[in-house]
Amino acid sequence: MNLTLKVWRQKDAQSQGRFVTYQAANVLTDMSFLEMLDVVNEELMAQGQDPIAFDSDCREGICGTCSMVINGKAHGGLAGTTVCQLHMRHFHDGQTILIEPWRARPFPVLKDLITDRAAFDRIIQAGGFVSVNTGGAPDGNALPIPKTAAEKAMDAAACIGCGACVAACKNASAMLFVSAKVSHLAALPQGRAERERRVLNMVKAMDDAGFGNCTVTGSCEAVCPKEISLDFIAQMNREYGKAILKNSLAPQPKGGA
Ligand code: SF4
Ligand code: FES
């Protein structure tokens, strides 16, 4: 099939971007969206032109780097699907496809479709880990974990940190991402010791990075390629409330400022 692509081109973070139109000819329905872009880029390079810059790594739906908005939908709008797993059979011959980067202030565009998502790294660095030396792998049954807790932790751990939730939210809220990380570790005994400090620090890092508030529109859940549930945001709010209360009830250090 033959397609018309309108692609956001932007030289660097300082430059003004614009849409540029390309023709993609003889696209196979079995190609992934990224393979289609690879073919377009080969043609651009053969003509001595700058290829379209986009991120990708695993191309298996697990690394979260293939971030782009296709026809106004983060990851293209196919339920539970990353761009690298989106196939051209979901488009039709003669279609015009609009391709642009995530649009959110905390994710500045670096070039074309590539955005800087280091803000997510800073949130993880603020508390998205368990800070104990765990040594070698323990026996699977050494620490009994209820099946429901294990399943909940696995559901939350499915988040691949792609940022589609932020890109789809009118407030550029990162609550779905942060809540998945907070809930994942709070569900497991290894993560409970640091749960208050974790949620307070991660929410602070989220606010410091300039992400907006959640107004429960659900647009994040609708585009999430790992179908992370809004329930995790409710859980994070409970975790946060408890941590604030516990901190306010804790004995304050004596002495002047
Ligand atoms: S919650 Fe979903 S959309 Fe948001 S970063 Fe995680 S996987 Fe991506
Ligand atoms: S390239 Fe890794 S999730 Fe798409």
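As the structure is a computational prediction, the values presented were derived from the model and not from experiment. (Residues numbered from 1 in each chain as written. Chains lettered and ligands numbered in written order. Predicted model: local features only at pLDDT ≥ 70, side-chain atom pairs only at ≥ 80, totals over all residues. Heavy atoms only, no water.)

When you go through the protein chain residue by residue, the secondary structure sums to nine helices and seven strands. In terms of principal-axis extent, the alpha carbons of the protein chain reach across some 70 × 50 × 35 Å. In the protein chain, buried positions account for 44% of the 257 residues. Put simply, 70% of the contacts in the protein chain that link residues at least 6 apart link residues at least 24 apart. Surface accessibility of the protein chain: about 13600 Å² in total, with carbon and sulfur atoms responsible for 52%. (Helix = DSSP H or I, 4+ residues; strand = E, 2+ residues; numbered from the N terminus. Buried < 20%, exposed > 50% of the residue type's maximum accessible area, 1.4 Å probe, protein only. Contact = heavy atoms within 4.5 Å. Areas by Shrake-Rupley, 256 points an atom, 1.4 Å probe, with all protein chains shown as cover.)

With respect to the element layout, glutamine 10 can be found in the loop between strand E1 (3–9) and strand E2 (18–24). Judged by its relative accessible area of 8%, glutamine 10 is buried. From its side chain, glutamine 10 meets the backbone oxygen of aspartate 12 in a polar contact 3.2 Å long. (Polar contact = N/O pair within 3.5 Å; in protein donor to acceptor, adjacent residues only side chain to side chain.)

Even without glycine at this site, asparagine 71 takes up a positive phi of about 50°. Along the chain, asparagine 71 turns up in the loop between strand E3 (69–70) and strand E4 (73–74). Assessed through its relative accessible area of 34%, asparagine 71 is described here as partly exposed. Phi angles above zero are rare outside glycine, and histidine 75 is one such case at about 65°.

Once that is clear, we can look at the nonpolar core. Considering soluble globular proteins, one finds that nonpolar side chains tend to be buried as a cluster. The biggest cluster of nonpolar side chains holds 39 residues, and the ones touching the most others in it are Phe120, Ile123, Val166, Val178, Met206 and Phe211. At the level of elements, helix H2 (118–125), helix H4 (164–168), helix H5 (175–186), helix H7 (195–208), helix H8 (219–223) and helix H9 (231–249) are the ones that each hand at least two residues to this core. In this view, valine 166 contacts Ala104, Phe107, Phe120, Ala172, Ser173, Ala174 and Phe211; residues no more than four positions away in its chain are not counted. (Core = buried A, V, L, I, M, F, W, Y, C linked by side-chain atoms within 4.5 Å.)

This part takes up the packing of aromatic side chains. Under the definition given, this model contains six aromatic pairs. Pairing phenylalanine 107 with phenylalanine 211 gives two aromatic rings, centres 5.6 Å apart and planes at 75°, and the pair type is edge-to-face. Placement of phenylalanine 107 in the loop between strand E5 (96–100) and strand E6 (109–111) and of phenylalanine 211 in the loop between H7 and H8 is noted, with a sequence separation of 104 residues between them. Between phenylalanine 120 and phenylalanine 177, the aromatic rings sit 3.7 Å apart at their centres with planes inclined by 5°, giving stacked as the arrangement. (Phe/Tyr/Trp six-rings, centres within 6.5 Å; stacked < 30°, edge-to-face > 60°.)

With that settled, consider the side chain of threonine 65. By the secondary structure assignment, threonine 65 is in the loop between helix H1 (33–46) and E3. At 3.2 Å, the side chain of threonine 65 forms a polar contact with the backbone nitrogen of aspartate 57. Apart from residues lying up to four places away in sequence, threonine 65 is in contact with Asp55, Ser56, Asp57 and Arg117.

Judged by pairing direction, the sheet is mixed, and its five strands sit side by side in the order E2-E1-E5-E3-E4 without closing on themselves. Either end of the sheet is taken by a strand with one partner, and the two such strands are E2 and E4. Note that E3 and E5 share two bridges and pair antiparallel. Within E5, the residue paired with isoleucine 70 across the bridge is isoleucine 99. (Pairing = 2+ DSSP bridges.)

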